[in-house]
Amino acid sequence: MSNTPTDLRYAKSHEWVRDEGDGTVTVGITEHAQELLGDLVFVDLPEVGAQLEAGGDCAVVESVKAASDVYSPVTGEVTEVNEALDGAPETINEDAFGDGWIFKVKLDDAGELDNLLDADAYNALVAEEDH
Amino acid sequence: MPFIPHTEEDIQEMLTAIGVDSIDALFDEIPDELRCGELDEIPAGMPEMEVSRLMQGRARQDGQPLCFLGAGAYDHHIPAAVWQLTTRGEFYTAYTPYQAEASQGTLQLLYEYQSMMTALTGMDVSNASLYDGASALAEAVLMAVRGNRKSKSGRILVPRTLHPLYRRVTHSIVRNQGIELVEIDYDSESGQVDLSSLEQHAGEDFAALVIPQPNFFGVLENTDRLTDWAHANGMLAIAVVNPLAMSILKPAGEWGESGADICCGEGQPMGAPLASGGPYFGFLCCREKLVRQMPGRIIGKTVDLDGKPGYALTLQAREQHIRRSKATSNICTNQGLMVTAATIHMAIMGGEGLQRVAAACHANTKKLAQTLCDLPQVESPFTGPVFHEQVLRLPLAAKDALRALAAHNVLGGFDLSDDYPELENAILVCATELRSDEEIEQYRSKLERVIAAQVQTPCQLKPDW
Amino acid sequence: MIYEQSRSGRQATAQTNFEMPALPDIPQELLREQPAGLPEVSEMQAVRHYTRLSQKNFSIDTHFYPLGSCTMKYNPRACNSLASLPGFLSRHPLAPDTHSQGFMACMHELQEILKHVTGMHAVSLSPAAGAQGEFAGVAMIRAYHDARGDDARTEILVPDAAHGTNPASAVMCGYKAREIPTGQDGDIDLEALKEVLGPQTAGIMLTNPSTVGVFERRIKEIAGLVHDAGGLLYYDGANLNAILGKVRPGDMGFDVIHMNLHKTFSTPHGGGGPGAGPVGVSQRLEPYLPVPMVDFDGSDYVWLTEKERSDTIGRLSAFAGNAGVLLRAYVYARLLGREGMHRVAEFSSLNANYLLKRLMEAGFDAAYPERRASHEFILTLKKQAKELGVNTMDFAKRMLDYGVHAPTTYFPLLVPECLLVEPTETEAKEDLDDFVEIMKTIKQEAETQPELVKQAPHTMPVRRLDDVRAARELDLAWKGQE
Ligand SMILES: Cc1ncc(COP(=O)(O)O)c(C=O)c1O
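Conventions and cut-offs
- Residues numbered from 1 in each chain as written.
- Chains lettered and ligands numbered in written order.
- Predicted model: local features only at pLDDT ≥ 70, side-chain atom pairs only at ≥ 80, totals over all residues.
- Heavy atoms only, no water.
- Helix = DSSP H or I, 4+ residues; strand = E, 2+ residues; numbered from the N terminus.
- Buried < 20%, exposed > 50% of the residue type's maximum accessible area, 1.4 Å probe, protein only.
- Contact = heavy atoms within 4.5 Å.
- Lys, Arg positive; Asp, Glu negative; His and termini not counted.
- Charge placed at Lys NZ, Arg CZ, Asp CG, Glu CD.
- Pairing = 2+ DSSP bridges.
- 1 Å grid on protein atoms, 1.4 Å probe; cavity = no way out; pocket = protein on both sides within 12 Å on 5 of 7 lines; lining within 4 Å.
- Points joined across faces, edges and corners; volume = space filled by probe spheres on them.
- Nonpolar A, V, L, I, M, F, W, Y, C, P; charged D, E, K, R; others polar.
- Domains from an automatic or database assignment.
- Buried area = accessible area lost by both parts, 1.4 Å probe.
- Salt bridge = Lys/Arg side-chain N within 4 Å of Asp/Glu carboxyl O.
- Axes fitted to C-alpha atoms, helices over the stretch in contact; angles between N-to-C directions.
- Parallel < 35°, antiparallel > 145°, perpendicular 65-115°, else oblique.
- Left-handed = near helix turned anticlockwise from the far one by under 90°.
- Polar contact = N/O pair within 3.5 Å; in protein donor to acceptor, adjacent residues only side chain to side chain.
- Core = buried A, V, L, I, M, F, W, Y, C linked by side-chain atoms within 4.5 Å.
- Expected span 1.5 Å × (residues − 1).
- Near = heavy atom within 4 Å.
- Areas by Shrake-Rupley, 256 points an atom, 1.4 Å probe, with all protein chains shown as cover.

1. Description of the overall build of chain B
Counting its secondary structure elements, chain B contains 14 helices and 14 strands. Reported as C-alpha extents along the three principal axes, the dimensions of chain B are approximately 85 × 55 × 50 Å. Here chain B holds 465 residues, and the buried ones make up 69% of them. Look at the contacts in chain B between residues 6 or more apart in sequence, and 74% of them connect residues 24 or more apart. Each charge class in chain B can be summarised by its mean position, and for the 37 positive and 60 negative side chains these summaries are 6 Å apart.

Structure follows, in structure tokens:
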């Protein structure tokens, strides 16, 4: 948890959300989640244009020994996906909060962001899970 | 005690170590009222010698009739080396290769198998086998429904020229997921998929079109045209092929403009004996873009800590042991040993050897059909080119003819009247490379007698059996 | 690689010395241009290559193979040779009944034996492996509810320790798989079960003894609860070896079961299969059994197909399943007989409990130390992983160096650093004692020279493989010399 950016919001299912300020958000999985999964070998991206529900599964990150669903933290339409992950899933291992972003969503309801955790709350959640 | 090595002394020492005074005490957590009795209905054990006598009698009892029956299982020569190697204990008694370092034999062999199957079918990737041809088609259908993201209907077009048992098996397996198989009729002249019936579905939402090659009538479909039609209508093309036929026919990966998307079928002609229908193996190949939709084991080549090449199970996140309810299939145990035989079979035969066998089967079946068509009122109803099976129409009920031939120890073919009543008195015959000219002549003379005995007058009297 | 030995124009000439007939009547556009790219080798090259490959495998015939949940016992040679008699090998699957009575007699008797040893009302042999048996079983549960118009049942319950095939099979039958937790003592958490049971419950899938290697003691109570909720009970027979001839799933209250004949009935596993997963059912599910089945009409054996059994869930393979595996299992059942079947459970339990006791004495931790082991047990190497940095995988790999196939690792997932050990009844006491010595040695190595264990194996044809590379840089077929 040395590295939980304070400018992001977090879901209990270990996704992060960055508010781009223009009605869209960027979503990825946290450093902690990527550590748990280990070396990623594949990311199944959502389709641009897909309509996502908050809490619905929309992508899959896969390591050698596990596959984990990524749940959309927000409701809205996918506007862009990180195609670079197709050939280089390890980007998530290397830079989970940066180049390892997974998809962008145009929010239906910006108010939804308030339901998400801030960095402190997320850190507390992770600390609790470790017990 | 058969197969139990314990001496009385061992047992006592072991019980003492455990701290109980009898073996029965080891079952003390099982509620008493659940314990069963002596199971008197089960026969007493027999020594190997007696079981051998019993089994030899049973095996003899079924005779070894002369086989002109195919319909999905074919009587081919298998090089002696194939099963001598396959039944080596190191292949025969190993488990699924979970510990890669101690299973390189099986893993490398499976990688070689995948390489041979992709070469034969012209596809990009192969899995390490499914249960049989019919269940492989069911898996291919499920794969197409997942893989064709544009299609939402869960419907699949299936020609009536596809093996009726494959249609039934696929239906049994996919129906619980709400997937619907829609049948298309065949052209009564050529014995091929009827293009006008197909055309009626143009523009409708289907996930895939199934294309058999050869089809159940032994007839070769116009695979280029069917594949292109499927793609033009937003469907995936699922090829169901005979692997021996693939040795001479255009491989599924080259059908039409862009090739079939999935190719599956029954592996039996590659080294598996008829053996009452199994074990055989289903093969499943596909385009690389669909590989994550594949069910079953897949082996990949990689390197070890020293950079030395080695082989391992890969893409396991698709499978049930990792992905559980979201796995691509529930399959775990597959048909590994049959694939071992198939790999050795294909290595020994080679691409050209298989072509010779395929061509010999084709020639023998043509010879058989011509010979039989020389008999009065025996005719071949379809005009389409065939591989190694052909439909013949007889002047008497297929059931009666086949029963009479069986009484002469000849398996004369498959009775089509249940599945295709409109074909009337039709049978499907097959003569593989194993059938000699004398055997073909035997069939002819016996069929001649059966016809003579049963078809006295033009008004066909049904004999009273 | 066999392809590396390939030379253009070389052939196994004894197999294909006949002429290549022409194919004048097949249109050119349907033919392939080149022979398929298979290896071109001589027969001897192939024989040598595959003999050498076989020697890179561990197998029951060559090594102790205590792979939990897999029942790697001796596969009697007679089962193979008798199932391979020419009459059996050459029988066409669609041969008429007149030419099938010998084969069908074996199948019918096997159905009867399996029925009695499991306490079920009827058996169908056709599923090709355990997972296909599960599919058939859950499909029958569904057919039963559907036939009663009870279509609000959408869930199949599976314990969190269940094998992955259980939830996957439930989903293939159109159900949602819902997990229920295992309690501290290894039994199902009954309170949690009660909470999730309801009108949406179609059934529950259980393994007993469970995948954690202990007998589910309150099985009758569970059966009562599930039945009261209108659900049915499915028995995953992977662990039948533990109770064969002692307790019958039918008597425990199960409505439908599968058996893994490639486990309990000692048919070979063949490096991945084939198996056979016959299903048995209680009376109310009998109409739905998969076809074909064999019946005896008083004078002859006859096939029962869709025609005679219109309510069947249908057919799962084109013919009658893995007939050759069924024949091997039949031979095994006749060699054993009823006394032999009792002994399977007795001696597999004796071996497992003995081995567990000795390993505990040697300082290893059992996952359920207060429980009696069934035919298998779980060690947890949590302590070793934490204190020495040597985990279960390291132990497993080091065992290979000592000539033992590793037990099942990391299954079931709920026990950390878990090693599921199943010695089976066919191992002698000295082999178990050897295994204990090997485990002690590895433990000592882990304490004194952990790198030796963490780098293992050292004596196999390859060292540890790069699984990440295998999945990232897919190489799934030979593409020619690099
Ligand atoms: C507990 C359990 N259930 C089900 C299965 C699946 O059986 P099969 O591999 O025969 O499909 C297995 C096999 O490993 C198992 O161990």
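2. Considering the sheet that holds strand 3 (residues 24–29) of chain A
Residues and elements named next belong to chain A. The six strands are arranged 1-2-3-9-8-5 in an open sheet whose pairing can be described as antiparallel. Taken across any chain shown, the strands that pair with only one partner, and hence form the sheet edges, are strand 1 (9–10) and strand 5 (51–52). Alignment of strand 3 against strand 9 (residues 103–107), held across four bridges, turns out to be antiparallel. Bridging across to strand 9, threonine 26 finds its partner in lysine 104.

3. Remarks on empty space enclosed by the protein
Residues and elements named next belong to chain B. Tallying each qualifying case throughout the model produces 14 cavities of 30 Å³ or more. Within this model, the largest cavity holds a volume of roughly 260 Å³. Along its surface, the largest cavity is lined by 20 residues, and Tyr74, His163, Tyr166, Pro214 and Asn242 are the ones closest to its centre. Of the residues assigned to the lining of the largest cavity, the class counts are 11 nonpolar, seven polar and two charged.

4. With respect to the domain arrangement of chain B
Residue and element names in this part refer to chain B. Segmentation of chain B into domains returns domain 1 (8–65), domain 2 (80–343) and domain 3 (350–455). Measuring from the centre of the C-alpha atoms in domain 2 to the corresponding centre in domain 3 gives 29 Å. The partner domain 3 presents 23 residues to the 26 residues of domain 2 that form the contact. Counting each side, the surface lost to burial between domain 2 and domain 3 is near 1,900 Å², with a carbon and sulfur contribution of 65%. For the domain 2 face of the interface with domain 3, the top three residues by lost area are Phe216, Phe217 and Leu244, together amounting to 28%. Applying the counting criterion to the domain 2 and domain 3 interface returns two salt bridges. Between aspartate 419 and arginine 168 there is a salt bridge whose closest N-O contact spans 3.0 Å. Within the residue set of the side of domain 2 that touches domain 3, elements represented by two or more residues are helix 7 (164–174) and helix 10 (243–246).

5. Some words on the packing of helix 5 (residues 104–121) of chain B against helix 12 (residues 336–373) of chain B
A pair of packed helices can be characterised by two numbers: the angle between their axes and the separation between those axes. All names here are of chain B. For the pair helix 5 and helix 12, the least separation of the axes is 9 Å and the interaxial angle reads 40 degrees. In terms of orientation, helix 5 lies oblique with respect to helix 12. Along this stretch, helix 5 crosses helix 12, giving a crossing that reads as left-handed. Residues Leu109, Leu110, Glu112, Tyr113, Met116, Met117 and Leu120 of helix 5 touch helix 12, and the partners they reach there are Val339, Thr340, Thr343, Met346, Ala347 and Leu354.

6. Some thoughts on the side chain of A:Asn93
All names here are of chain A. Along the polypeptide, asparagine 93 turns up in helix 3 (residues 90–94). Judged by relative accessible area, which is 15%, asparagine 93 ranks as buried. Within the local environment of asparagine 93, its side chain forms a polar contact with the side chain of glutamine 34, the two groups lying 2.8 Å apart. Engagement of the side chain of asparagine 93 in a polar contact is seen with the backbone nitrogen of leucine 40, the distance being 2.9 Å.

7. Here's the deal with the domain arrangement of chain C
All names here are of chain C. Parsing chain C into structural domains produces domain 1 (78–335) and domain 2 (344–469). Here domain 1 and domain 2 have C-alpha centroids that lie 31 Å from each other. Here domain 1 packs against domain 2, burying approximately 1,600 Å² in sum over the two surfaces, 56% of which is carbon and sulfur. Of all residues in domain 1, the largest losses of buried area upon contact with domain 2 belong to Val212, Gly213 and Asn241, amounting jointly to 30% of the total for that side. Taken together, domain 1 and domain 2 are joined by two salt bridges.

8. Looking at the interface of chain B and chain A
Residue-level contacts link seven residues of chain B with 14 residues of chain A. Both faces considered, chain B and chain A share a buried interface measuring about 840 Å² in area, 40% of it formed by carbon and sulfur atoms. When residues of chain B are sorted by the area they lose upon contact with chain A, B:Arg149, B:Arg292 and B:Arg323 head the list and together hold 55% of the total. On inspection of chain B and its partner chain A, the count reaches six salt bridges.

9. Concerning the nonpolar core
Among the nonpolar cores identified, the biggest contains 178 residues, and B:Leu137, B:Leu209, B:Ile238 and B:Met346 are the most heavily contacted of them. Among the elements that line this core, the one with the most residues is helix 12 of chain B, at 15 residues. Not counting residues within four places of it along the chain, the set of residues in contact with B:Leu137 comprises B:Leu162, B:Tyr166, B:Thr170, B:Val210, B:Ile238, B:Val240 and B:Cys264. The next biggest cluster of nonpolar side chains, apart from the first, holds 112 residues, and it includes B:Ile4, C:Met341, C:Ala366 and C:Leu432.

10. Remarks on helix 1 (residues 43–54) of chain C
Between its first and last C-alpha atoms helix 1 of chain C spans 17 Å; for 12 residues at 1.5 Å apiece the expected length is 16 Å, and the two agree. Along helix 1 of chain C, the residues classified as buried are C:Gln45, C:Ala46, C:His49, C:Tyr50, C:Thr51, C:Leu53 and C:Ser54. Against helix 3 (80–86), helix 4 (89–92), helix 5 and helix 12 of chain B lie the buried residues of helix 1 of chain C.

11. Regarding the pairing of strand 8 (residues 293–296) of chain C
Two faces belong to every sheet, and in a regular strand the side chains alternate between them. Residues and elements named next belong to chain C. Here strand 8 runs beside strand 9 (residues 301–304); their pairing, made up of four bridges, is antiparallel. Opposite phenylalanine 296, over in strand 9, you have tyrosine 301 as the bridge partner. Connecting the antiparallel pair strand 8 and strand 9 is a turn made up of four residues, with glycine 298 showing a positive phi of about 105 degrees.

12. Overview of the pattern of salt bridges
All names here are of chain C. In the structure shown here, the tally under the stated rule is 67 salt bridges over all chains. As a salt-bridge pair, aspartate 146 and arginine 142 come within 3.7 Å of each other at their nearest N and O atoms. Here arginine 142 and aspartate 146 lie together in helix 5 (residues 130–147), a separation of four residues that amounts to about one turn. A salt bridge links aspartate 433 to lysine 429, with the shortest nitrogen-to-oxygen separation between them at 3.0 Å. Of this pair, aspartate 433 and lysine 429 both sit in helix 13 (residues 429–448), separated by four residues, roughly a single helical turn.

13. With respect to the pairing of strand 11 (residues 389–393) of chain B
All names here are of chain B. With four of its five residues buried, strand 11 lies for the most part within the structure. Sheet topology places strand 11 next to strand 14 (residues 426–430); five bridges connect them, and they run antiparallel. Each bridged residue has a counterpart across the sheet, and for glutamate 389 the counterpart in strand 14 is cysteine 430.

14. Concerning the site of the ligand
Among the 16 residues in the neighbourhood of the ligand, the closest are listed as B:Thr333, C:Ser69, C:Asp236, C:His262 and C:Lys263. More than one chain reaches the ligand: its neighbouring residues belong to chains B and C. B:Thr333 is positioned with one of its side-chain polar atoms (N or O) 2.5 Å from an oxygen atom of the ligand. Against a free-state accessible area of 390 Å², the protein chains account for coverage of 99% of the ligand. By residue number, the principal contributor to the shell around the ligand is helix 5 of chain C, which donates three residues. In the shell around the ligand, the residues fall into five nonpolar, eight polar and three charged.

15. Overview of unusual backbone geometry
The peptide bond linking B:Gly278 to B:Pro279 adopts the cis configuration, its omega dihedral lying at 0 degrees. Mapped onto the fold, B:Pro279 is located in the loop between strand 7 (262–266) and strand 8 (282–286). C:Pro457 follows C:Ala456 through a cis peptide bond whose omega is 0 degrees. As for its placement among the helices and strands, C:Pro457 is situated in the loop between helix 14 (450–454) and helix 15 (467–472).

16. Details of helix 12 (residues 392–401) of chain C
An α-helix turns once every 3.6 residues. As a result, residues three or four positions apart point the same way. Residues and elements named next belong to chain C. Of all 10 residues that make up helix 12, nine are buried, and the element is covered over most of its length. Burial in helix 12 covers these residues: Thr392, Asp394, Phe395, Ala396, Lys397, Arg398, Met399, Leu400 and Asp401. Buried residues along helix 12 sit in contact with helix 11 (382–388), strand 12 (408–409), strand 13 (418–421), helix 13 and helix 14. Between the side-chain oxygen at the start of helix 12 and the backbone nitrogen of methionine 393 there is a gap of 3.1 Å, and the oxygen is on asparagine 391.

17. Digging into the interface of chain B and chain C
On the side of chain C, 192 residues touch chain B, which itself brings 185 residues to the contact. Summing both partners gives a buried area of about 16,300 Å² for chain B against chain C, and 63% of it is carried by carbon and sulfur. Between chain B and chain C we count 10 salt bridges in total. Salt-bridge contacts for C:Lys429 lead to B:Glu13; the nearest nitrogen and oxygen are separated by 3.0 Å. For the pair chain B and chain C, the interface holds 86 residue pairs in polar contact (both at pLDDT 80 or more). Counting residues per element, the side of chain B that touches chain C draws most heavily on helix 12 of chain B, at 22 residues. Residue classes in the side of chain B that touches chain C are distributed as 97 nonpolar, 53 polar and 35 charged.

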